[in-house]
Amino acid sequence: MRLFPRLLLNHLAVMAVLSVVLLVAAELAAHPFIQHHVNEMVQLLGDAGAAMRGDLNEGMRATLTRALFSALPPALLVAAVTAWVAARRVTASVRTLQAGSAALARGVPPPPAGRRAG
């Protein structure tokens, strides 16, 4: 497999793992924050709030989950474009090095160092 697809797939695999870790970490870390907020709401609402504790807790958790799943696609899109650009830049540098090495092997002077291969 050529270098560009390998680099891009590597970046995409890292993004997939990061997405799963983000969702799991948010789920685990959110519990104390949600509990604190629900406790504040229960105090403000009094007895009615105590009866609603389960619904408040579930509603907050569901809202957080929906927010994360809504934010994930655009974040992954931006990360994928960034990965594509990074992989293209790396492979362009490698192509420049390959062209210079091939030119040296043929006895032809390589292009000046300031020029980039397109």
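Residues numbered from 1 in each chain as written. Predicted model: local features only at pLDDT ≥ 70, side-chain atom pairs only at ≥ 80, totals over all residues. Heavy atoms only, no water.

**Describing the pattern of salt bridges**
1) Next: On inspection of all chains with the given rule, the structure shows 1 salt bridge.
2) Next: Salt-bridge contacts for Glu27 lead to Arg61; the nearest nitrogen and oxygen are separated by 2.2 Å. Taken together, the residues Glu27 in helix α1 (residues 3-45) and Arg61 in helix α3 (residues 53-106) connect sequence positions 34 residues apart. (Salt bridge = Lys/Arg side-chain N within 4 Å of Asp/Glu carboxyl O. Helix = DSSP H or I, 4+ residues; strand = E, 2+ residues; numbered from the N terminus.)

**A word on α1**
1) Next: Taking 1.5 Å of rise per residue, 43 residues should cover 63 Å, and α1 covers 60 Å from first to last C-alpha, within 8% of that figure.
2) Next: At Ala30, α1 shows its maximal bend, which comes to roughly 40°, and the proline Pro32 appears one to four places after that position.
3) Next: Buried within α1 are the following residues: Phe4, Leu7, Leu8, Met15, Ser19, Ala26, Ala30, Ile34, Val38, Met41 and Val42.
4) Next: For α1, the secondary structure elements touched by its buried residues are α2 (47-51) and α3.
5) Next: Backbone geometry just after α1 places Gly46 at a positive phi near 75°. (Expected span 1.5 Å × (residues − 1). Bend = angle between axes of the 7 residues up to and from the residue. Buried < 20%, exposed > 50% of the residue type's maximum accessible area, 1.4 Å probe, protein only. Contact = heavy atoms within 4.5 Å.)

**A few points about the environment of Ala75**
1) Next: Locating Ala75 in the fold gives a position in helix α3.
2) Next: Given a relative accessible area of 44%, Ala75 falls into the partly exposed group.
3) Next: Through-space distance from the C-alpha of Ala75 to that of His11 is 14 Å; in sequence the pair is 64 residues apart.

**Focus on α3**
1) Next: Between the first and last C-alpha of α3 there are 77 Å, a value that for 54 residues agrees with the 80 Å anticipated at 1.5 Å per step.
2) Next: The principal kink in α3, of about 30°, is found at Leu72, preceding the proline Pro73 by one to four residues.
3) Next: Taken as a whole, α3 has its buried residues at Leu56, Asn57, Arg61, Leu72, Ala83, Ala87, Thr91, Ala92, Gly100 and Ala103.
4) Next: Each element contacted by the buried residues of α3 is listed here: α1 and α2.
5) Next: Of the residues trailing α3, Gly107 is marked for its positive phi of about 85°.

**Here we look at the packing of aromatic side chains**
Centre-to-centre distance and the angle between the planes together describe a pair of aromatic rings.
1) Next: In this structure the tally under the stated criterion is 1 aromatic pair.
2) Next: Between Phe4 and Trp84 the ring centres are 6.3 Å apart and the planes differ by 90°, which places this aromatic pair in the edge-to-face class. Placement of Phe4 in helix α1 and of Trp84 in helix α3 is noted, with a sequence separation of 80 residues between them.
3) Next: Above the face of the Phe4 ring, Arg88 is positioned so that its terminal group lies 4.8 Å from the ring centre. (Phe/Tyr/Trp six-rings, centres within 6.5 Å; stacked < 30°, edge-to-face > 60°. Lys NZ or Arg CZ within 6 Å of the ring centre and 35° of its normal.)

**Remarks on the side chain of Ser19**
1) Next: Looking at where Ser19 falls in the secondary structure, it is placed in helix α1.
2) Next: Taking relative accessible area as the criterion, Ser19 reaches 10% and is therefore assigned buried.
3) Next: The contacts of Ser19, once residues within four sequence positions are left out, are Leu72 and Leu76.

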